[in-house]
Each structure stands twice: as C-alpha cells, then as structure tokens.
Amino acid sequence: MATFKIRPAAVEDCEEIFRMSEELNIDEKLPGSSEYVTVESLKQGGFGDEKFFHAIVVETIEPADGLPKKNTEEESTNQNCSTDNSTLPDSLVEKAANQRSRLLGYATYSFCFGTYGPGRVLFLQDIYVEKEHRRKDIGKALFIELAKIALSKRCQEVNWHAFSWNSGAVEFYKKLRATNATTKINLHSFFMDYKDISRLVTESKEADQ
Ligand SMILES: CC(C)(COP(=O)(O)OP(=O)(O)OC[C@H]1O[C@@H](n2cnc3c(N)ncnc32)[C@H](O)[C@@H]1OP(=O)(O)O)[C@@H](O)C(=O)NCCC(=O)NCCS
C-alpha cells in the first residue's frame with residue numbers, strides 16, 4: 001500500500017492541484033476550469049500578495065520507479081547486479097524519491113468569522129482524493145490535518161458544503177460524525193453568481209440617480 005504524508009501546499013504544487021481540481025469538478029458535476037480558474041490564478045490566489053485560500057496536499061512517499069532504491073543485502077552481494085547502490089547515503093536515496101513523489105489529493109480552505117457563536121471558523125472548500133487511492137483513510141487524514149489547523153487557529157467550527165446526491169461524500173462525512181446542517185438546523189446554502197451581483201450593483205446605482 002502506498003504510504004503518504006500531508007503537508008502544506010507550495011506554489012510549485014499548483015499544476016497538480018489544478019489537475020486534481022478538474023477531476024473533482026467532474027465528480028461534482030460542476031463546470032470547473034474557466035478563465036478564472038487556471039494554474040496562474042491558483043498561484044495568485046494561494047501564494048500571491050492577496051491570499052484567498054490555503055491548501056494542504058497528500059504526497060506519496062514511495063520511491064518512484066527508476067530512482068535509486070537501497071539494494072537489499074541479497075542484491076548487493078549478487079555479482080550480476082550492476083546497480084549496487086547499497087553504499088548510497090539514506091539521505092540521497094530519500095531525496096531522489098521525494099523529487100519524483102506525486103500528489104494523490106488535496107484540500108483548500110479559508111478562514112471566516114461567525115458572530116452567531118463560533119467566532120473563528122475554518123471553511124473547507126475542496127477536498128479530493130484520487131479515485132484509485134480512495135477508501136484508504138487518506139480523506140480522513142486530510143480532515144484530521146484540517147482539524148489540527150482549525151484548533152491551532154482557535155477556530156470553533158469547520159464548515160463546508162456537499163451535494164445531497166454525492167452519497168460517497170455524505171457517507172464519508174457521516175463517518176467523521178459531522179452534523180448535516182440542512183437536516184439538523186434547516187440551514188440552506190445560497191449563492192449569487194457574477195450576473196446576480198452585477199445586476200444588484202447596477203440596480204443600486206440606477207436607484208441612486
Ligand atoms: C470524499 C473523499 C474525499 C473521501 O476520501 P477517502 O480517502 O476515500 O476516505 P477515507 O478512506 O479516509 O474514509 C474515511 C471513512 O469514510 C468511509 N467512506 C469513505 N468513502 C465512502 C463511501 N464512498 N461510501 C461509504 N463510506 C465511505 C470509509 O469507509 C471510512 O470509514 P472507516 O473509518 O469506518 O473505515 C473521496 O471519496 C473523494 O475525493 N471523492 C470525490 C471528491 C468529492 O466528492 N469530494 C467531496 C466534495 S463535497
């Protein structure tokens with residue numbers, strides 16, 4: 001089984017995050033990438049002067065094929081073995097492995113403030129694990145990391161949205177013992193798209209004239 005670690009995202013991860021976000025949007029039946037969601041806008045939004053989101057990523061820590069792997073004792077004593085690297089320092093082997101490590105999942109989040117009680121809130125926007133690595137506790141590990149971040153920032157709540165038809169995700173959240181705000185407190189989620197907010201502003205300007 002692939003071993004993995006979770007770490008804060010770096011600007012160099014944006015291409016992989018973009019790739020995974022496109023897969024997530026297919027899963028979520030959402031339009032996905034547009035002129036507003038590109039590798040460049042991810043770099044600006046997550047790592048530029050005006051930060052709009054934070055991210056953590058899941059990285060494999062398995063050595064990739066073709067990279068120096070420490071030979072076993074048996075391989076090292078085999079005269080036919082032309083690639084004996086058993087004398088390589090562990091740090092070099094590890095470094096090479098890390099250079100080729102790939103990302104298996106990610107989560108993006110931001111902070112907000114709820115005057116209704118919790119004060120500081122961590123809002124989770126995306127959570128994604130690649131299809132072939134699901135059901136291996138990686139999503140849960142991402143959530144545990146988000147919970148640690150929330151506690152370290154003195155947040156009293158973690159919030160997010162889910163489509164009711166996304167039964168896999170809903171089951172996952174149930175397993176985490178999260179509260180369904182729609183069924184429990186009748187909370188509904190609203191949004192206004194660009195057209196709606198522009199109309200509102202235009203109408204208010206017209207009313208002022
Ligand atoms: C939702 C998602 C992040 C879960 O990640 P994951 O790595 O597969 O989940 P885990 O392996 O950590 O599962 C944790 C628990 O939830 C349960 N669970 C996870 N997916 C489940 C599913 N589809 N159906 C039922 N239970 C599920 C697991 O059985 C596990 O329970 P256990 O602790 O008793 O073993 C992943 O399925 C995913 O990326 N889905 C596509 C994107 C998506 O829908 N994101 C959420 C948008 S709201």
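Preceding this section is the structure that the text describes.
All values derive from a computational prediction rather than experimental measurement. (Residues numbered from 1 in each chain as written. Predicted model: local features only at pLDDT ≥ 70, side-chain atom pairs only at ≥ 80, totals over all residues. Heavy atoms only, no water.)

Can you tell me about the nonpolar core, naming the residues and giving the values?
Grouped together as the largest cluster of nonpolar side chains are 18 residues, with contacts concentrated most on Ile56, Leu122, Leu142 and Leu146. Looking at this core, the element that brings in the most residues is helix 5 (residues 138-152), giving six residues. The residues contacting Leu142, other than those within four sequence positions of it, are Ile6, Ile56, Val58, Tyr106, Ala107, Ile127, Tyr128 and Val129. (Core = buried A, V, L, I, M, F, W, Y, C linked by side-chain atoms within 4.5 Å. Buried < 20%, exposed > 50% of the residue type's maximum accessible area, 1.4 Å probe, protein only. Helix = DSSP H or I, 4+ residues; strand = E, 2+ residues; numbered from the N terminus. Contact = heavy atoms within 4.5 Å.)

So what about the site of the ligand? Which residues, and what values?
Around the ligand, the structure places 22 residues, and the nearest of them are Val129, Arg135, Asp137, Gly139 and Lys140. For the ligand, an oxygen atom lies 3.1 Å from a polar atom in the backbone of Lys136. In isolation the ligand offers 920 Å² of accessible surface; the protein chains occlude 81% of this area. Elements with a contribution of two residues or more to the shell around the ligand: helix 1 (14-27), strand 4 (119-129), helix 5 and helix 6 (167-175). Considering each element in turn, the shell around the ligand owes the most residues, six residues, to helix 6. Its residues assigned to classes, the shell around the ligand comprises nine nonpolar, four polar and nine charged. (Near = heavy atom within 4 Å. Polar contact = N/O pair within 3.5 Å; in protein donor to acceptor, adjacent residues only side chain to side chain. Areas by Shrake-Rupley, 256 points an atom, 1.4 Å probe, with all protein chains shown as cover. Nonpolar A, V, L, I, M, F, W, Y, C, P; charged D, E, K, R; others polar.)

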